[in-house]
Amino acid sequence: MSGINYLYPEFEVVRNDERCIRCRVCERQCANEVHFYDESRDRLISDESKCVNCQRCVSLCPTRALKIVRSDCRLRENANWDGDTIREIYKQASSGGVLLSSMGNPKPLPVYWDRILINASQVTNPSIDPLREPMETRVFLGKKPEKIERDGNGKLKTALSPQLELSMPVMFSAMSYGSISYNAHASLARAATERGICYNTGEGGLHEDFYRYGPNTIVQVASGRFGVHEDYLETGAAIEIKMGQGAKPGIGGHLPGAKVGPDVSRTRMIPEGSDAISPAPHHDIYSIEDLRQLVWSLKEATGHRKPVIVKVAAVHNIAAIASGIARSGADVIAIDGFRGGTGAAPTRIRDNVGIPIELALASVDQRLRDEGIRNGVSLVVGGSIRSSADVVKAVALGADAVYIATAAVLALGCHLCRTCQTGKCNWGIATQRPDLVKRLNPDIGAARLINLMTAWRNEIMEMMGGMGINSIEALRGNRLMLRGVGLNETELRILGISHAGE
Ligand code: SF4
Ligand code: SF4
């Protein structure tokens with residue numbers, strides 16, 4: 001009785017039988033088993049209750065016979081009880097379980113990037129043509145010295161802290177092997193290497209095949225310590241301690257045993273088929289002093305040659321938290337906003353916990369400046385950076401670089417069906433099923449990511465040129481280049497920008 005399903009399917013499969021040639025591609029391609037062939041009627045039939053609208057069948061149907069549409073069969077919604085809320089109540093009454101979701105927070109909360117506009121030069125301060133003039137998009141992440149000293153021959157006397165060099169201020173954010181596939185990781189690693197940026201292992205360790213991409217790899221150390229050993233730390237260009245994640249602040253990770261096959265098990269150093277559960281806190285970190293110990297230990301383990309990043313979720317009081325992290329010896333602080341993606345998170349946490357990255361970034365940058373320690377640490381932000389314009393706005397608000405993940409998986413073919421947690425990704429990304437993994441060709445995946453980064457870099461240079469700025473360094477924290485639209489006084493004050501027209 002409790003398992004009764006009161007729900008009409010969310011999506012309807014519209015098949016044009018005139019066009020359908022019964023090739024059964026849709027049946028073979030759908031890991032959710034929506035389509036099946038009825039021999040007696042010589043027709044393809046759909047079980048719409050299983051459809052997640054991943055668009056795989058629509059994309060591959062050779063005759064364009066398919067459409068997936070949102071059902072217009074509505075529940076008795078009103079302004080207080082919307083369809084999703086009613087649907088979730090029915091699901092929980094049926095299962096008794098915590099609701100799980102993936103990708104980022106879809107709620108209609110403000111996207112501040114869309115309320116910030118970028119400046120351009122006119123008349124008195126000339127713009128720069130990026131096709132004819134040199135433009136510097138390289139960034140170096142790590143502590144910067146207060147002053148530089150040289151000897152009589154001009155040779156640098158000041159010892160520099162380790163730096164992570166990027167050809168542009170964008171990196172691929174943490175996505176673990178296990179949550180995403182081998183071929184997705186291969187695509188990210190190759191593209192990062194080709195473009196001179198970095199990708200991030202996430203908390204799942206580093207597959208032995210990817211050690212060769214080490215100079216473009218950030219290796220993560222999370223609370224579960226999966227796959228962490230000396231060679232792993234030594235291989236990465238930088239080490240990231242993950243304290244938090246924007247999609248699920250305060251929550252640990254859970255990779256179901258079904259996704260822990262032989263390769264994932266070896267990489268994570270856990271038994272095959274066992275659930276990989278990373279605890280919510282690091283059990284050895286309860287203070288900034290404890291964090292300092294871990295930062296120091298990782299630096300000692302790698303001869304002080306690697307920058308250490310501390311990643312936290314954007315939460316209330318993030319400026320004070322970042323100030324503490326800056327004093328822990330970390331070289332880089334990565335802050336993940338509440339729209340950050342995930343392979344699996346409790347829905348209530350994803351949709352209700354954390355704060356927008358735009359506000360977090362502005363307040364952290366200002367706090368570190370006020371305390372005179374901004375140069376002691378670099379800032380990287382993520383959590384739904386969707387375009388080169390978001391990158392430019394983030395840098396002007398104070399970021400040294402950004403992390404992207406959802407944009408990267410979209411480039412790999414993700415259609416945002418938001419069911420990564422099921423492990424049945426029809427696009428070969430968030431899955432470990434060999435038949436699905438092979439659908440993502442890493443050569444094509446890498447080429448698409450390289451294209452995306454090339455396009456974004458060109459656009460960043462165009463926007464910089466338009467502002468009359470020829471180096472990313474001159475844009476960082478240059479909030480005069482930004483104006484707000486439709487923002488209230490408090491929002492403008494936190495963002496540290498004027499309203500358009502001022
Ligand atoms: S893929 Fe298209 S043409 Fe082929 S069986 Fe399915 S609906 Fe028909
Ligand atoms: S990665 Fe795959 S399962 Fe996840 S949202 Fe994208 S298409 Fe859907």
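Refer to the structure presented above.
Only a predicted model underlies this, so the values are computations on that prediction, with no experimental measurement involved.

### Digging into the overall build of the protein chain
Across its full length, the protein chain carries 16 helices and 21 strands. Along the first, second and third principal axes, the C-alpha atoms of the protein chain reach 90 × 55 × 45 Å. Residue burial in the protein chain is summarised as follows: out of 502 residues, 52% are buried. Within the protein chain, contacts between residues separated by at least 24 positions form 68% of all contacts whose residues are at least 6 apart in sequence. Taken as a whole, the protein chain presents about 22,900 Å² of accessible surface, with 51% of it coming from carbon and sulfur. In the protein chain, which carries 60 positive and 56 negative side-chain charges, the distance between the mean positions of the two groups comes to 1 Å.

### Structural notes on the packing of aromatic side chains
A ring pair, where both rings are aromatic, is described by two values, the distance of the centres and the angle of the planes. Considering all chains together, one arrives at 3 aromatic pairs under this definition. Geometrically, the ring pair formed by Tyr 177 and Tyr 182 is edge-to-face, given 6.4 Å between the ring centres and 75° between the ring planes. By relative accessible area, Tyr 177 is classed as buried at 3%. For Tyr 182, a relative accessible area of 23% corresponds to the partly exposed category. Where Phe 210 meets Tyr 213, the ring centres are 6.2 Å apart and the plane angle is 45°; that geometry is what we call tilted. Looking at Tyr 213, the relative accessible area reads 11%, which means it is buried. One Lys or Arg, Arg 56, reaches over the ring of Trp 427 and ends 4.7 Å from the middle of that ring.

### A closer look at the nonpolar core
Soluble globular proteins tend to pack their nonpolar side chains together in the buried interior. With 112 residues, the main nonpolar core has Phe 172, Ile 333, Ile 335, Ile 404, Ile 429 and Leu 475 as its most contacted residues. The greatest single-element share of this core, amounting to 8 residues, is contributed by helix 14 (residues 442–467). The residues contacting Ile 429, other than those within four sequence positions of it, are Ser 179, Ile 180, Ser 181, Ala 184, Val 409, Leu 412, Gly 413, Cys 414 and Leu 440.

### Concerning the side chain of Ser 71
Within the secondary structure layout, Ser 71 lies in the loop between strand 4 (66–70) and helix 3 (83–95). In this structure Ser 71 touches Tyr 8, Pro 9, Glu 10, Phe 11 and Glu 12, once residues within four positions along its chain are discounted.

### What about helix 7 (residues 288–301)?
In a regular helix each residue adds 1.5 Å, so 14 residues correspond to 20 Å; helix 7 covers 20 Å between its end C-alpha atoms and thus fits that length. Listed in full, the buried residues belonging to helix 7 are Leu 291, Leu 294, Val 295, Leu 298 and Lys 299. Angularly, the buried residues of helix 7 cover 135° about the axis, an arc narrow enough to put them on a single face. Facing away from the buried surface of helix 7 by more than 90 degrees, the exposed residues are Glu 289, Gln 293 and Trp 296. Against strand 11 (217–221), helix 5 (230–235), strand 12 (238–242), strand 15 (308–313) and helix 8 (318–326) lie the buried residues of helix 7.

### A word on the site of ligand 2
Around ligand 2, the neighbouring residues are Met 103, Cys 414, His 415, Leu 416, Cys 417, Arg 418, Thr 419, Cys 420, Cys 425, Trp 427 and Ala 430. Tallied by class, residues from the shell around ligand 2 come to 8 nonpolar, 2 polar and 1 charged.

### Thoughts on the sheet that holds strand 21 (residues 498–499)
Read from one edge of the open sheet, 3 strands run 6-20-21, paired in mixed fashion. What marks the edges here is a single partner per strand, and that holds for strand 6 (116–118) and strand 21. As judged from the 2 bridges shared by strand 20 (residues 482–484) and strand 21, these two strands associate in the parallel manner. Bridge pairing in strand 21 links Gly 484 to His 499.

### Structural notes on the pairing of strand 1 (residues 11–15)
Working note: regular strand, side chains alternate between the two faces of the sheet. Side-chain alternation along strand 1 places Phe 11, Val 13 and Arg 15 on a buried face and Glu 12 and Val 14 on a face that remains uncovered. Pairing of strand 1 with strand 4, which is carried by 5 bridges, proceeds in the antiparallel orientation. Within the sheet, the bridge partner assigned to Val 13 lies in strand 4 and is Ile 68.

### Some details on the pattern of salt bridges
Scanning the model with the defined rule gives 33 salt bridges in all. As a salt-bridge pair, Asp 129 and Arg 132 come within 2.4 Å of each other at their nearest N and O atoms. Look at Asp 129 and you get partly exposed, because its relative accessible area is 29%. Note that Arg 225 and Asp 284 form a salt bridge whose closest N and O atoms lie 2.8 Å from each other.

### Some thoughts on the pairing of strand 18 (residues 378–382)
The buried fraction of strand 18 amounts to 5 of the 5 residues, a majority that puts the element mostly inside the structure. Of the two faces of strand 18, the one holding Ser 378, Val 380 and Gly 382 and the one holding Leu 379 and Val 381 are both buried throughout. Note that strand 16 (residues 332–336) and strand 18 share 5 bridges and pair parallel. Within strand 18, the residue paired with Val 332 across the bridge is Ser 378. Across 2 bridges, strand 18 lies against strand 19 (residues 401–404) in parallel orientation. Within strand 19, the position partnered with Val 380 by the bridge is Ala 401. Assessed by its sense of winding, the connection that carries the chain from strand 18 through helix 11 (residues 388–397) to strand 19 is right-handed.

### Considering a nonpolar patch on the surface
Nonpolar side chains collect at one region of the surface, where Tyr 6, Trp 81, Ile 89 and Tyr 90 lie side by side and expose about 420 Å² of accessible area between them. With respect to the secondary-structure elements, Tyr 6 resides in the segment before strand 1.

### Considerations on the sheet that holds strand 18
With parallel pairing, 8 strands are arranged side by side in an open sheet as 9-19-18-16-15-12-11-10. The sheet is open, and its two borders are formed by strand 9 (170–172) and strand 10 (199–200), each paired with just one other strand. As defined by bridge partners, strand 12 adjoins strand 15 across 4 bridges and the pair is classed as parallel. Pairing of Ile 239 across the sheet is with Val 308, part of strand 15. The sheet contacts of helix 14 involve strand 9 and strand 19, and relative to strand 9 the element is tilted by about 160°.

What counts as what
Chains are numbered independently. Their residues run from 1 in the order of the written sequence. The naming scheme follows written order: chains are lettered A onward, ligands numbered 1 onward. Local features in a predicted model are, by the rule used here, given only for residues with pLDDT of at least 70; side-chain atom pairs are given and counted only at 80 or more, and totals for whole chains, interfaces and linings are based on all residues. The side-chain values count all of the structure's non-hydrogen atoms but skip hydrogen atoms and water molecules. Under the scheme used here, helices are H or I runs from DSSP no shorter than 4 residues and strands are E runs no shorter than 2 residues, and both carry numbers assigned from the N terminus. Partly exposed describes any residue whose relative accessible area lies between the buried limit of under 20% and the exposed limit of over 50%, with all areas from a 1.4 Å probe on protein chains only and scaled to the type maximum. Between two residues, a contact is recorded if the distance between any of their heavy atoms is within 4.5 Å. To be clear on the numbers: accessible area is Shrake-Rupley with a 1.4 Å probe, and residue cover counts the displayed protein chains and nothing else. We treat Lys and Arg as the positive residues and Asp and Glu as the negative residues; His and chain ends play no part in the count. By convention, the charge on Lys lies at NZ, on Arg at CZ, on Asp at CG and on Glu at CD. Between 30 and 60 degrees the pair is tilted, below 30 it is stacked and above 60 it is edge-to-face, where a pair is any two Phe, Tyr or Trp rings, Trp via its six-membered ring, whose centres lie within 6.5 Å. Here, a charge over a ring means that NZ of Lys or CZ of Arg falls within 6 Å of the ring centre while also lying within 35 degrees of the ring normal. Residues enter a nonpolar core if they are buried and are Ala, Val, Leu, Ile, Met, Phe, Trp, Tyr or Cys, with the set joined through side-chain atoms within 4.5 Å. The span you would expect from a helix comes to 1.5 Å times its residue count less one. Here the arc refers to the directions that run from the helix axis out to each C-beta atom. Residues are classed as near a molecule or strand on a simple rule: at least one heavy atom within 4 Å of it. Under the grouping applied here, Gly and all other residues not named as nonpolar or charged are polar, the nonpolar ones being Ala, Val, Leu, Ile, Met, Phe, Trp, Tyr, Cys and Pro and the charged ones Asp, Glu, Lys and Arg. Strands were regarded as paired on the criterion that DSSP finds at least two bridges between them. Take a side-chain nitrogen of Lys or Arg and a carboxyl oxygen of Asp or Glu: if they are within 4 Å of each other, that pair is a salt bridge. Handedness of a crossover is defined as follows: orient the strands so they point away from the viewer, and if the path from the first strand over the helix to the second runs clockwise, the crossover is right-handed. Note that patches include only residues with greater than 30% relative accessible area and no salt bridge, and the join distances are 9 Å for like charges and 5 Å for nonpolar side chains (Val, Leu, Ile, Met, Phe, Trp, Tyr). Fitted lines through C-alpha atoms give the axes, limited to the stretch in contact for helices. The angle between two N-to-C directions lies from 0 to 180 degrees.

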